[in-house]
Amino acid sequence: MNIKNIIKIVLTLLVFSLTAFAQYTPGTVSNGGTIAGTISFDGTAPVLKALKIEKDVKVCAVHEKYKEDVVVGESGGLKNVVVYIDGIKSGKEWETKYTLDQNGCWFEPHVVIVGVGQKLSILNSDGILHNIHTFSKLNKPLNKAQPKFKKRISAKFTKAEFIKLRCDVHAWMSGWIVAAANPYYVTTDEAGNYTLTGVPAGTYTLKFWHETLGEQSTEVTIGAGGSAKADAKFSS
Ligand SMILES: [Cu+2]
């Protein structure tokens, strides 16, 4: 065997082991724990910017629309923060359904989570033409017309990534697809609250991602069947 072949084999094994190492293995978690908390916005909440709706107004202008880049609730809670466990290798099963809707010319939800390798159903509830367009770097970008008769298309993502999302027909439509490395990804609600369930006992790196305010992380230790609290604050 010459040296070239040996290098080839070593490289193949290395790539294979790295790939295996990066993958998540779903299964049953007995006595899983819960991590919960509140993400808040530190400072004066920015004034929501009204969006101009000048196209397909009969369907699209049914209610006022505001830019969703920073959404702060009454008590200072920050909506649409993705809270996730970074690097967890095994744990609970994936969700059975992941859905993104285009409803009233609006992405619902604004930040949608889909597991890597899982199916994202993209609905068109409007009965008009939309064109879904993703701006991904690690995954293959998606640029697909969804005519009024096409109620549902689907997409899969092979790598974990935060992906900017737009509609090429309606300039104000903007959102995010989060291709999740594991099932421990959630988004915060209007009050900034989140809950991660079914977490195996261990010490984890918990990350908080916001589309314009950046990313933070903290360490969390959770015992079997236990609960942990992790809050975070973002400012602009
Ligand atoms: Cu559209």
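As shown above, the structure is provided for reference.
Keep in mind that this is a model prediction, so the values were computed, not measured.

### Quick look at the overall build of the chain
The number of helices and strands found in the chain is two helices and 19 strands. Across its three principal axes, the chain shows a C-alpha extent of roughly 70 × 45 × 30 Å. In the chain, 64% of the contacts between residues at least 6 apart in sequence involve partners at least 24 apart. Summed over its atoms, the accessible surface of the chain is roughly 12900 Å², and 54% of this surface lies on carbon and sulfur atoms. Charge-centre separation for the chain: the mean point of 27 positive side chains lies 10 Å from the mean point of 21 negative side chains.

### Describing a positive patch on the surface
Where like charges cluster on the molecular surface, the positive patch consists of Lys97, Lys119, Arg152 and Lys156. Note on placement: Lys119 falls in strand 8 (residues 119–124). Judged by its relative accessible area of 48%, Lys119 falls in the partly exposed class.

### Considering the sheet that holds strand 11 (residues 152–156)
As summarised here, the arrangement of the four strands in space is 6-5-8-11, forming an open sheet in which the pairing is mixed. Whereas interior strands pair on both sides, the edge strands pair on one side only; in this sheet they are strand 6 (107–108) and strand 11. Sheet analysis places strand 5 (residues 98–102) next to strand 8, joined by five bridges and oriented parallel. What sits directly across from Asp101, in strand 8, is Leu123.

### Topic: the sheet that holds strand 3 (residues 82–86)
Within the open sheet, the four strands sit side by side as 14-3-16-17. Their pairing is antiparallel. In this open sheet, the two strands that pair with only one neighbour each are strand 14 (185–187) and strand 17 (214–222). Within this sheet the neighbouring strands show an average axis-to-axis angle of 25°, counted without direction. Relative to strand 17, strand 16 (residues 202–210) is paired through nine bridges, and the arrangement is antiparallel. From the neighbouring strand, Trp209 faces strand 17, where its bridge partner is Glu215.

### Here we look at unusual backbone geometry
Note the cis peptide between Glu108 and Pro109, where omega equals -5°. The residue Asp56 is not glycine, and still its phi comes out positive at about 45°. Of note, Asp56 is situated in the loop between strand 2 (33–41) and helix 2 (57–60). Classification of Asp56 as partly exposed rests on a relative accessible area of 33%. Residues other than glycine seldom take positive phi values, yet Asn80 does so here, at roughly 65°. Mapped onto the fold, Asn80 is located in the loop between helix 2 and strand 3.

### Description of the state of the cysteines
Tallied over the full model, the rule gives one disulfide. Each disulfide pairs two cysteine sulfurs, and for Cys60 the partner residue is Cys105, the sulfurs being separated by 1.9 Å. Around the S-S axis, the bridge from Cys60 to Cys105 shows a dihedral of about -55° and counts as left-handed. Within this pair, whereas Cys60 is found in helix 2, its partner Cys105 is found in the loop between strand 5 and strand 6, the two being separated by 45 residues in sequence. According to the relative accessible area criterion, Cys105 is buried, its value standing at 0%.

### Let's talk about the nonpolar core
Counting 51 residues, the largest nonpolar core has Ile35, Leu206 and Phe208 as its most contacted members. Judged by nonpolar contacts, the second largest core, of nine residues, contains Tyr84, Ile113, Trp176 and Ala180.

### What about the pairing of strand 5?
With four of five residues buried, strand 5 lies mostly within the body of the structure. Judged from the two bridges that link them, strand 5 and strand 6 form a sheet pairing that is antiparallel. Bridge pairing links Asp101 to Glu108 in strand 6. Hairpin connection, strand 5 to strand 6: the antiparallel pair is bridged by four residues, and Gly104 has positive phi, about 65°.

Cut-offs and rules
- Residues numbered from 1 in each chain as written.
- Predicted model: local features only at pLDDT ≥ 70, side-chain atom pairs only at ≥ 80, totals over all residues.
- Heavy atoms only, no water.
- Helix = DSSP H or I, 4+ residues; strand = E, 2+ residues; numbered from the N terminus.
- Contact = heavy atoms within 4.5 Å.
- Areas by Shrake-Rupley, 256 points an atom, 1.4 Å probe, with all protein chains shown as cover.
- Lys, Arg positive; Asp, Glu negative; His and termini not counted.
- Charge placed at Lys NZ, Arg CZ, Asp CG, Glu CD.
- Patch = residues over 30% accessible without salt bridge, like charges linked within 9 Å, V, L, I, M, F, W, Y side chains within 5 Å.
- Salt bridge = Lys/Arg side-chain N within 4 Å of Asp/Glu carboxyl O.
- Buried < 20%, exposed > 50% of the residue type's maximum accessible area, 1.4 Å probe, protein only.
- Pairing = 2+ DSSP bridges.
- Axes fitted to C-alpha atoms, helices over the stretch in contact; angles between N-to-C directions.
- Disulfide = S-S within 2.5 Å.
- Core = buried A, V, L, I, M, F, W, Y, C linked by side-chain atoms within 4.5 Å.

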